[in-house]
Amino acid sequence: PLVIGIESSCDETGVAIVRGTELLANEVASSVEQHVRFGGVVPEVASRAHLQAIVPALRRATEAAGVDLADVDGICVTAGPGLMGALVVGLSAAKALAIALDKPLYGLNHLVGHVAVDLLDHGPLPERFGALLVSGGHTSLLVVDDITGAITEVGSTIDDAAGEAYDKVARLLGMGYPGGPLIDRAAADGDPTAIAFPRGLTSRKDLARHRFDFSFSGLKTAVSRWVETRELAGEEIPVADVCASFQEAVCDVLTAKAMDMCDHYGLDTILLGGGVAANSRLRGLLQERADAAGVTVRRPRPGLCTDNGAMMAALGAEVIRRGRPASSLGIGANSGLPVSTVVV
Ligand code: ATP
Ligand code: MG
Ligand code: FE
């Protein structure tokens, strides 16, 4: 199928066009610069930026793909989770297109899009696989039996998301926003064994109740305290070592629990998705541990890990290929849409 994918759940306005698993166009406009001075995404600012960016992005995408909009088989759009005011911009645009072109509308789950996008890079998904979803707002372990409808969340973060931890630590180190890519880069010059930061929910007692869950707020507090103590003593902060040691703590727990899930559920493929999946250490360490366990790793190219329209188009093409029913034109956006609801 030929589909349009529209994404507007946070601060990226994405419009992409996909034919089957072939990416024909992927236009992304980010409002990130408008949020930098606030140290985080300001919902109202993001909504206005989407409204301004969406039609130009759609024009650029159709032009780049060289397709006629009249030929598409479906309009696929993020229906949640995300910022309500941001979601409604993309969803309204998608509804308008669906009516004007008389094509079916598919309101889809953003998080499942982060997993499905790997279809564009590595082809059809296995029958059954595990997924480690790590993004700015979510951190979960999933067992996927069918990307278009049968997804089980076996664990998730009980406090901060991994990306949120990266952003908060970068902020307390005065590095800027978004923090993930900045810490990733700074860590390359640091020693990951320099500081022993805590690994959340890995004690024997915690594992009994939270085997596949994550916690990153204690780690963030530990980094904050470590830095504060040095600052009060008038010592220089070894930023690269702090970044590398923090990153090692995050990636160690994420990959250890992902491999434990594969072992427990008998999964031979682990797919890494979400914005934090762009992280170099996470990609490397997961590959290392999966190789040792005989598990195949799948992960999209870093450029497709953060929010974009291609992920929604990839998921939509698969939903249409499997003959799933389209959404009603009366659907609403759902800022808290659970990962198990793929099509709204
Ligand atoms: P969600 O998908 O949960 O709704 P989101 O869409 O806001 O949240 P994404 O765009 O998927 O989040 O990911 C953004 C997050 O990824 C940010 O927290 C950012 O710091 C982080 N990130 C991006 N690149 C990297 C990297 N190289 N290393 C670590 N984190 C990264
Ligand atoms: Mg973003
Ligand atoms: Fe996202």
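Residues numbered from 1 in each chain as written. Chains lettered and ligands numbered in written order. Predicted model: local features only at pLDDT ≥ 70, side-chain atom pairs only at ≥ 80, totals over all residues.

## Overview of the UniProt feature "binding site: substrate" (unreviewed entry) in the protein
Within this structure's numbering, the places UniProt gives as "binding site: substrate" (unreviewed entry) are Leu133, Val134, Ser135, Gly136, Gly137, Asp167, Gly180, Asp184 and Asn279. Secondary-structure assignment places Gly180 in helix α7 (residues 179–187). A tally of 26 C-beta atoms within 10 Å means that Gly180 is categorised as buried. When neighbours within four sequence positions are excluded, Gly180 is seen to be in contact with Gly163, Tyr166, Asp167, Gly275, Val276 and Asn279. Mapped onto the fold, Asp184 is located in helix α7. Here Asp184 is in contact with Asn279 and Ser280, once residues within four sequence places are set aside. (UniProt positions renumbered as here; feature names shortened; annotations may be inferred. Helix = DSSP H or I, 4+ residues; strand = E, 2+ residues; numbered from the N terminus. Buried ≥ 20, exposed ≤ 12 C-beta atoms within 10 Å, placed from the backbone. Contact = placed C-beta atoms within 7 Å.)

## Focus on the pairing of strand β5 (residues 105–109)
Of all the five residues making up β5, five are buried; the element is thus mostly covered by neighbouring parts of the structure. Alternating positions in β5 separate into two faces, Leu105, Gly107 and Asn109 on one and Tyr106 and Leu108 on the other, with burial throughout. Sheet topology places strand β4 (residues 74–80) next to β5; five bridges connect them, and they run parallel. Within β5, the position partnered with Val77 by the bridge is Gly107. Taken together, β4, helix α3 (residues 84–101) and β5 form a β-α-β motif whose crossover is right-handed. (Pairing = 2+ DSSP bridges. Right-handed = clockwise from strand over helix to strand, strands pointing away.)

## Observations regarding the sheet that holds strand β3 (residues 22–30)
In sheet architecture, strand pairing relies on hydrogen bonds along the backbone and comes in two forms, parallel and antiparallel. Read from one edge of the open sheet, five strands run β3-β2-β1-β4-β5, paired in mixed fashion. One side of each edge strand has no neighbouring strand; the edge strands of this open sheet are β3 and β5. Sheet twist, expressed as the average angle between the axes of neighbouring strands with direction ignored, equals 20°. Direction of pairing for strand β1 (residues 2–7) relative to β4: parallel, over a ladder of four bridges. Across the sheet, residue Ile6 finds its bridge partner in β4, namely Val77. Its contacts with the sheet place α3 against β1, β4 and β5, and it is angled at close to 160° to β4. Its contacts with the sheet put helix α12 (residues 309–321) on β1, β2 (12–19), β3, β4 and β5, and the angle it makes with β1 is roughly 135°. (Axes fitted to C-alpha atoms, helices over the stretch in contact; angles between N-to-C directions.)

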